[in-house]
Amino acid sequence: MARSVLNAPPVLARSPFRRLNTTFQKNVVVFLTVVASSLAAAQAVPTIGTGGAEPGDKSPYRGTNVSYGHSLSAYNPTPEVVTWSQRIGLSPEWHFTKEFFVRGRFFLSQELTLSDSTNTKHEIELSDLWFDAVWGGWKEKNTGIRLAADVRVTLPTSKTSQAVSRLFTLGPGANVSRNFNVLAGLTFVYSARFTYRANQFSTRQNQAGLIMNCAAGSIGQPEACLNTATGSRNVQADILHGPTVVFNPHERLNLSATFLMQHAWLSPPGAVPAQFANVPELQTEKILNSRDFMAFSVGVTYTPVDIVSLTLGAFTFANQIDTTGQYIFPLFNRNTVVSLDATFDLEATVSSITKEKK
């Protein structure tokens, strides 16, 4: 079911500055809508080596960790030059056998600069809550190639998902990997995931109206204005795929890079009332039934002790083309987020405390 995005009462003509500002706001909404799920997808690239427990790894909660970090990004229309945020995350994991386990992830984040998406200053935001049921995989003896798969379910606990009227998502994924004995380890992986999004409405929802795309001198011509209070169409489904390279020059040093490509299908468009048949924005929205995005992440992780590891990384997620139809360089651009995180391993912490008591 879709709410109508067309309801255009007469408004006064607006300045070019306001047009630029509202266009930027719309781009921010599109970015925030997809970045949460895509960030989770990027972080969910198969963890190398979890296909089976190593000798001595008997704890069923191995892999469980708590993280804390800060991130900086230039994607911010407010007076600050950059956006600065902090977050804390919980990633539980439970292994039933060597090959089958479940895992989850949940974050609390807070922007320390002026936010463009919250109602109050320094508001604490929730991420989506997601769960994976994982099959660690099968390894072919002659080639050393491993096949693995998982099924992901997410619940809409974030503002972004609630704004798109999200009910849940369901995403089966698979990956192919190969390990090489180079120094402490070198792994190549190619992963793919199809995600279906169950949304209550076909467009993003907004509690307040926002009139934009009005031509100059539109007084008394309501058909020249478009009310985008409910936003553009939601993504109904997508396929996300790409390679990952993980290199360990030392057992306590990890270098990784991931490049992902996403093709997203939009919800079916609603009928356009006759009085809006000639509005260019609506014709474009009706013709374009898919969107394409790219994501790139690179990181360096150092583990000084078993209990904690430090990661310096950069993550970029953006449309393949900008609002003017120009190609966006996918690796680093104004959407790039630089982060520094500390991750605390629960199993290593418990083991350390147990040894001290003994």
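Residues numbered from 1 in each chain as written. Predicted model: local features only at pLDDT ≥ 70, side-chain atom pairs only at ≥ 80, totals over all residues. Heavy atoms only, no water.

## Topic: the pairing of strand E4 (residues 100–111)
Phase 1 of the analysis: Of the strand pairs in this sheet, strand E2 (residues 83–91) and E4 are connected by six bridges, and their pairing is antiparallel. By the bridge assignment, Gly-89 is partnered in E4 with Phe-107.
Phase 2 of the analysis: Connecting strand E3 (residues 93–95) to the antiparallel partner E4 that follows it, the hairpin turn spans four residues.
Phase 3 of the analysis: Of the pairings in the sheet, the one linking E4 to strand E6 (residues 129–139) comprises six bridges and is antiparallel in character. Looking across to E6, one finds that Gly-104 is bridged to Phe-131.
Phase 4 of the analysis: Direction of pairing for E4 relative to strand E5 (residues 124–126): antiparallel, over a ladder of three bridges. Counted as the bridge partner of Ser-109 is Glu-125 from E5. (Pairing = 2+ DSSP bridges. Helix = DSSP H or I, 4+ residues; strand = E, 2+ residues; numbered from the N terminus.)

## With respect to the environment of Phe-131
Phase 1 of the analysis: Mapped onto the elements, Phe-131 comes out in strand E6.
Phase 2 of the analysis: Separated by 21 residues in sequence, Phe-131 and Arg-152 have C-alpha atoms that sit 5.6 Å apart.
Phase 3 of the analysis: Ignoring anything within four residues of it in the chain, the contact list for Phe-131 reads Arg-103, Gly-104, Val-151, Arg-152, Val-153 and Leu-155. (Contact = heavy atoms within 4.5 Å.)

## Here we look at the packing of aromatic side chains
Phase 1 of the analysis: Using the criterion set out here, one finds three aromatic pairs in the structure.
Phase 2 of the analysis: The interplanar angle of 80 degrees and the centroid separation of 5.8 Å between the aromatic rings of Phe-180 and Phe-188 together place this pair among those described as edge-to-face.
Phase 3 of the analysis: With a relative accessible area of 40%, Phe-188 lands in the partly exposed category.
Phase 4 of the analysis: Centre to centre, the rings of Phe-296 and Phe-332 are 5.6 Å apart; their planes meet at 80 degrees, and the pair counts as edge-to-face. Of this pair, Phe-296 sits in strand E14 (residues 290–305) while Phe-332 sits in the loop between strand E15 (308–319) and strand E16 (337–345), placing them 36 residues apart in sequence.
Phase 5 of the analysis: We classify Phe-332 as partly exposed; its relative accessible area is 44%.
Phase 6 of the analysis: Between Arg-152 and the ring centre of Trp-130, over which it is positioned, the NZ or CZ distance is 4.3 Å.
Phase 7 of the analysis: Over the ring of Phe-180 we find Arg-178, and its NZ or CZ is 4.6 Å from the ring centre. (Phe/Tyr/Trp six-rings, centres within 6.5 Å; stacked < 30°, edge-to-face > 60°. Buried < 20%, exposed > 50% of the residue type's maximum accessible area, 1.4 Å probe, protein only. Lys NZ or Arg CZ within 6 Å of the ring centre and 35° of its normal.)

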